Amino acid sequence: MNHLSPIFKTQYLAMLLLFGVALVLPYVVSNYHVFQLSMVLTYSIAIVGLNLLTGYCGQISLGNGAFFAIGAYTTAFFMDHYDVPYWATLPIAALICGVFGYLFGLPAVKLDGNYLALATFALAVALPQLLKYKHLEFLTGGVQGIVILKPEAPLDHVFGLTMNSDRWLYYFSLAVTLLMFWVAWNLIRGRIGRAFIAIRDQPTAAACMGINLPLYKSLAFSISAIFTGIAGSLSAILVAYVSPDSFNVTLSITLLVGMVVGGLGSLSGAIFGAIFVLMIPNVVDQISKAAPSAIYGVVLIVMMYFMPWGMNGAFRILFSKVRRFF
Amino acid sequence: METFIHQIMAGIATGGIYAALALALVMIYQSTHHINFAQGEIAMFATYLAWLLIQAGVPYWLAFFCTIAIAFLLGVMIQRLVIRPVEKAPVLNVVVVFIGLMITINSLAGWFFGFTIKSFPSPFPSHPPFGSSYVSSHELGSISVTLALLITLFLFFRYTSLGLAMRAAAQNPESSRLVGIRVGWMLALGWGLAAGIGAVAGMMVAPVVFLDPNMMSGVLLYAFAAALLGGIDSPGGAVIGGMVVGVLENLLGAYVIGTELKLTVAMLLIITVLVIRPSGFFGKVIVSRV
Amino acid sequence: MSILLDIQHLNANYGATQVLFDLNLQIHEGGITTLLGANGAGKTTTLRAVSQMVSTTGTILLGGIQIDSLATEDIVRHGVAHVPDGRGTFTALTTEENLRLGSYTRTSKAEINADLEKMFTYFPRLKERKDQQAGTLSGGEQQMLAIARALMLRPRLLLLDEPSFGLAPLIVREIFQIMSAINQSDRVTILLVEQNAALALDLADHAYLLEAGRLVMSGSAQELQNDPAIRRSYLGD
């Protein structure tokens with residue numbers, strides 16, 4: 001294909017540039033910032049997971065924090081109890097979350113819109129209490145949670161540059177992120193993605209066309225859970241600690257904010273969303289403990305009025321307007 | 001036996017609170033088909049306002065009614081300014097706005113009033129009525145207040161012209177316009193009433209659970225369960241649902257599961273009702289037309 | 001006889017589709033005017049245009065006052081009562097509640113109660129069922145209820161959309177007789193949209209014919225009744 005549209009070429013170049021920057025960053029910023037960058041990558045995977053379910057398939061989920069938690073706890077459990085290497089816990093978490101996602105999706109299939117929002121909201125609110133439940137302590141560590149050892153980098157030097165734990169985990173997260181984005185990109189372009197979009201826009205017509213609605217909706221939950229669970233796993237490895245109160249309803253709402261800011265149905269927007277939700281607390285924490293949430297709330301409302309398509313959509317519109325000048 | 005009766009009475013007391021909140025949820029759902037996720041936070045914020053008034057020396061019952069009035073105005077304002085612009089937007093956008101409203105109000109409360117737990121006074125004496133061991137004065141008082149509230153609302157909707165107009169606007173906006181009802185303002189009034197009801201619920205609950213920004217999240221979950229159980233579009237059902245949930249919560253909590261899994265039970269109840277019988281016991285079963 | 005409703009150069013759209021084209025109509029006070037035409041000719045849309053339930057350009061004057069820029073609920077306050085197609089009954093409310101809603105914008109309780117009794121004398125069946133849920137009434141009763149509800153406004157202008165729809169001929173005749181009586185005793189001006197041209201022309205003084213959103217004929221009811229083209233197309237001659 002010789003005549004790639006200019007937008008595509010520019011996007012392609014931009015991505016390459018970004019990738020280059022991403023590779024170099026850990027050696028340009030402090031270790032703490034490297035850790036934060038890793039968290040941004042982690043959250044972007046989770047936001048993609050939510051976007052696949054809500055943005056592409058139209059199933060409103062206010063409870064994805066639960067899958068994040070399951071992924072995180074799975075990693076913590078296997079690392080702590082069975083000494084499983086950190087990278088091996090990711091596929092395990094993916095599997096367990098996939099199953100849980102599918103199971104949650106089964107009854108959720110009958111629900112739509114408001115009712116689904118309510119059901120997933122209930123899940124998010126109830127989860128911390130469940131994680132603290134004393135009869136599940138053998139799995140969750142109860143109120144205290146589980147502490148794990150932060151993985152060491154396998155090499156001391158790479159290409160003559162020092163490698164430490166934070167940098168190593170950053171590259172690990174980067175690799176996982178690229179993989180998950182690639183998977184998501186292919187999903188969206190394939191049959192499953194088209195089915196999701198059909199279900200979102202015209203569910204009755206989709207069913208008439210032979211798309212098995214219950215199957216695909218459960219699949220959407222399952223896939224979303226896998227993505228979110230892997231993100232949770234990564235976050236557990238990075239933070240080296242899981243506790244029930246870090247997985248309350250605020251987490252689910254944070255993911256929602258990230259998705260809205262980045263743009264519903266936008267893959268690349270997930271990065272913007274992740275940067276936004278992780279940056280805001282850093283900037284406004286001094287004003288008040290409550291300030292980040294207040295900003296999230298106002299942002300959610302304002303974006304629905306003025307920019308329902310998120311930042312990525314805004315850039316596209318801006319970009320196409322600028323192009324008209326040339 | 002004594003504790004059993006006390007559990008039932010306590011259950012009726014909390015049931016009254018759930019009934020009131022469930023009614024507020026049903027009112028908004030009936031007229032707009034939106035679920036007001038922010039209902040609990042509005043109630044909590046109103047309770048903080050009451051606390052402010054009482055701290056400033058205002059006598060309790062004066063503060064009580066002033067708070068209801070202020071909450072009413074706040075509800076009307078929120079509907080006109082925040083909700084109306086997205087009334088016709090797709091469901092996802094509406095849900096996002098409600099969640100945004102919820103966390104904004106929650107964090108504003110934390111910002112203005114701080115996160116330390118405060119005590120909130122009960123207008124009822126601390127010794128049990130008639131020396132009874134079945135029910136505390138606050139519980140009895142709470143039951144009376146919520147009963148008075150429910151009766152007032154019933155009389156309002158049944159016997160006043162405005163109440164009739166609000167019911168009409170909720171059921172059939174187009175025909176309502178054709179008889180001259182300003183449907184937009186009816187919706188705003190509905191929100192005002194819902195906020196006022198929430199204020200009453202908050203002020204009755206706060207002496208028991210103590211005042212803090214996250215005071216209402218568990219209560220709201222139970223109110224959702226109650227509203228769904230009774231039928232999300234049935235006011236009478238909401239009240240009955242509230243009572244049932246209140247009593248069940250107490251009995252199950254005392255004799256079966258203990259207090260540690262209360263929220264999980266609420267969640268399971270919500271999901272079960274939604275999946276098995278979304279219209280609840282008293283709601284209308286809606287057939288969706290293709 | 002003065003002109004109560006004056007429609008000038010009315011166009012109406014549903015979204016991007018235009019359905020009324022440059023309509024000019026005049027309804028005289030105190031009379032019964034009927035709007036005839038086949039399905040989809042734009043008759044219902046014309047009534048909805050008067051009530052501003054559809055987007056319009058052009059001028060609509062009611063008793064000299066311009067109403068085309070007002071909201072539906074304000075037009076009601078100028079004395080326009082609209083009985084929509086499908087009747088628009090509040091099915092979950094009682095018969096009496098439906099009637100009282102008709103008088104929602106009025107203030108005098110005594111007069112409202114007097115009018116309620118008057119409606120019950122016009123439509124005794126409604127009195128029998130006054131505490132019954134309106135949705136359980138038969139089709140004919142719901143039509144009577146819809147008309148009575150509109151009359152509770154004490155309107156200057158009554159807009160009636162297809163009152164005969166789906167009703168047995170006996171009931172329709174009863175309703176039309178009542179409408180004629182009301183027009184004479186209460187001096188209510190009526191604009192009637194009907195597919196049943198024979199019935200409508202019997203009742204009305206004036207008639208307009210719409211075809212595909214355009215006015216193609218107007219005159220006294222008698223003139224249209226005797227017109228051979230009308231007789232062929234709409235009266236089954």
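Residues numbered from 1 in each chain as written. Chains lettered and ligands numbered in written order. Predicted model: local features only at pLDDT ≥ 70, side-chain atom pairs only at ≥ 80, totals over all residues.

A. Spatial organisation of the overall build of chain A. From N to C terminus, chain A includes 14 helices and 4 strands. The globule rule puts the C-alpha radius of gyration for 326 residues at 20 Å, and the 20 Å found for chain A is close to it. For chain A, the spread of C-alpha atoms along the principal axes amounts to about 55 × 50 × 45 Å. In chain A, the share of contacts with a sequence separation of at least 24, taken over all contacts with a separation of at least 6, comes to 78%. (Helix = DSSP H or I, 4+ residues; strand = E, 2+ residues; numbered from the N terminus. Rg over C-alpha atoms; globule rule 2.2 N^0.38 Å. Contact = placed C-beta atoms within 7 Å.)

B. Expanded view of the overall build of chain C. A count of helices and strands for chain C gives 10 helices and 10 strands. Taking 2.2 N^0.38 as the reference for a compact globule, 237 residues should give roughly 18 Å; the C-alpha atoms of chain C span a radius of gyration of 17 Å, in line with that estimate. Each principal axis of the C-alpha atoms in chain C carries an extent, and together these give about 45 × 40 × 35 Å. For chain C, the residues scored as buried account for 45% of the 237 residues in total. Excluding contacts between residues fewer than 6 apart, the proportion of contacts in chain C whose partners are at least 24 apart in sequence is 68%. (Buried ≥ 20, exposed ≤ 12 C-beta atoms within 10 Å, placed from the backbone.)

C. Expanded view of the interface of chain B and chain A. With 39 residues of chain B at the interface, the matching set in chain A holds 39 residues. Those elements that provide at least two residues to the side of chain B that touches chain A are α4 (91-113), α9 (217-230) and α11 (262-276) of chain B. With 16 residues, α4(B) is the largest single contributor of residues to the side of chain B that touches chain A.

D. Highlighting the interface of chain C and chain B. At the interface, 17 residues of chain C touch 15 residues of chain B. Sorting the residues of the side of chain C that touches chain B by element identifies α2 (72-76) and α3 (95-102) of chain C as the ones contributing at least two each. Counting residues per element, the side of chain C that touches chain B draws most heavily on α3(C), which supplies 4 residues.

E. Structural view of the environment of L17(A). Secondary-structure assignment places L17(A) in helix α1 (residues 6-24). Along the primary structure L17(A) and T228(A) are separated by 211 residues, whereas in three dimensions their C-alpha atoms are 27 Å apart.

F. Spatial organisation of the sheet that holds strand β2 (residues 17-28) of chain C. All names here are of chain C. One open sheet holds the 4 strands; their spatial order is β2-β1-β4-β5, and the pairing between them is antiparallel. The open sheet is flanked by β2 and β5 (65-66), the only strands paired with a single partner. The pairing of strand β1 (residues 3-14) with β2 spans 8 bridges and is antiparallel. When the sheet's bridge partners are listed, L10 is paired in β2 with L23. Strands β1, β2 and β4 (55-62) of the sheet are contacted by helix α1 (residues 43-50), whose axis makes an angle of about 70 degrees with β2. (Pairing = 2+ DSSP bridges. Axes fitted to C-alpha atoms, helices over the stretch in contact; angles between N-to-C directions.)

G. Here's a closer look at the sheet that holds strand β7 (residues 157-161) of chain C. Residue and element names in this part refer to chain C. The sheet built from 6 strands is open, its strands ordered β6-β7-β8-β3-β9-β10 with mixed pairing. The open sheet has two edge strands, β6 (80-83) and β10 (214-220), and neither has a second partner. Within the sheet, the average angular offset between the axes of one strand and its neighbour, ignoring direction, is 15 degrees. Here helix α6 (residues 139-151) sits on the sheet in contact with β6 and β7, set at roughly 170 degrees to β6.

H. Representation of α11(B). Over its 15 residues, α11(B) extends 21 Å from the first C-alpha to the last, a length consistent with the 21 Å expected when each residue adds 1.5 Å. Listed as buried for α11(B) are V265(B), A266(B), M267(B), L269(B), I270(B), I271(B), V273(B) and L274(B). Buried residues along α11(B) sit in contact with α4 (86-108) and α5 (113-132) of chain A together with α9 and α10 (235-255) of chain B. (Expected span 1.5 Å × (residues − 1).)

I. Molecular detail of the nonpolar core. Formed by 273 residues in total, the largest nonpolar core has its most connected members in A122(A) and I270(B). Once you skip the residues sitting within four places of it in the chain, A122(A) turns out to touch L221(B), A266(B), M267(B), I270(B) and I271(B). (Core = buried A, V, L, I, M, F, W, Y, C linked by C-beta atoms within 7 Å.)

J. Inspection of the packing of helix α3 (residues 60-83) of chain B against helix α8 (residues 183-209) of chain B at higher detail. Residue and element names in this part refer to chain B. Remark: α3 packs on α8, axes separated minimally by 7 Å, with the N-to-C direction vectors making an angle of 140 degrees. Classed by the angle they form, the pair α3 and α8 counts as oblique. α8 is crossed by α3, and the crossing has right-handed handedness. (Parallel < 35°, antiparallel > 145°, perpendicular 65-115°, else oblique. Left-handed = near helix turned anticlockwise from the far one by under 90°.)

K. Representation of the pairing of β7(C) within the structure. All names here are of chain C. Within β7, 5 of the 5 residues are buried, which leaves the element mostly enclosed by the surrounding structure. Of the two faces of β7, both are covered, the one formed by L157, L159 and D161 as well as the one formed by L158 and L160. Both β6 and β7 contribute to a ladder of 4 bridges, which runs parallel. The residue of β7 that forms the bridge with H82 is L159. Two elements, β7 and strand β8 (residues 189-193), share 5 bridges in a ladder whose sense is parallel. Counterpart to L159 in the pairing with β8 is L191. For the crossover that starts at β7, traverses helix α7 (residues 169-186) and ends in the parallel β8, the hand is right-handed. (Right-handed = clockwise from strand over helix to strand, strands pointing away.)

L. Representation of the confidence of the model for chain A. On average, residues of chain A score 87 in pLDDT, and 95% of them reach the 70 mark or higher. Put simply, helix α14 (residues 310-325) of chain A is where chain A has its lowest mean pLDDT, 70, and helix α10 (residues 213-239) of chain A is where it has its highest, 94. (pLDDT = per-residue confidence, 0-100.)

M. Main features of the packing of helix α6 (residues 161-171) of chain B against α8(B). Residue and element names in this part refer to chain B. Contact pair α6 / α8: the axes reach a minimum separation of 9 Å and the direction vectors enclose 105 degrees. Judged by the angle between their axes, α6 and α8 are roughly perpendicular. Here A165, M166 and A169 of α6 come into contact with α8, specifically with V183, M186, L189 and G190. For the contact of α6 with α8, a count of residues per class yields 6 nonpolar, 1 polar and no charged. (Nonpolar A, V, L, I, M, F, W, Y, C, P; charged D, E, K, R; others polar.)

N. Seen up close, unusual backbone geometry. Even without glycine at this site, R87(C) takes up a positive phi of about 75 degrees. Looking at where R87(C) falls in the secondary structure, it is placed in the loop between β6 and α3.

O. Summary view of the environment of D80(A). Residue and element names in this part refer to chain A. Mapped onto the elements, D80 comes out in helix α3 (residues 65-82). Among the residues examined, D80 registers 15 C-beta atoms within 10 Å and is labelled partly exposed. Between the C-alpha atom of D80 and that of L300, which follows or precedes it by 220 residues, the distance is 38 Å. Those residues in contact with D80 that sit more than four places away from it in its chain are I146 and I148.

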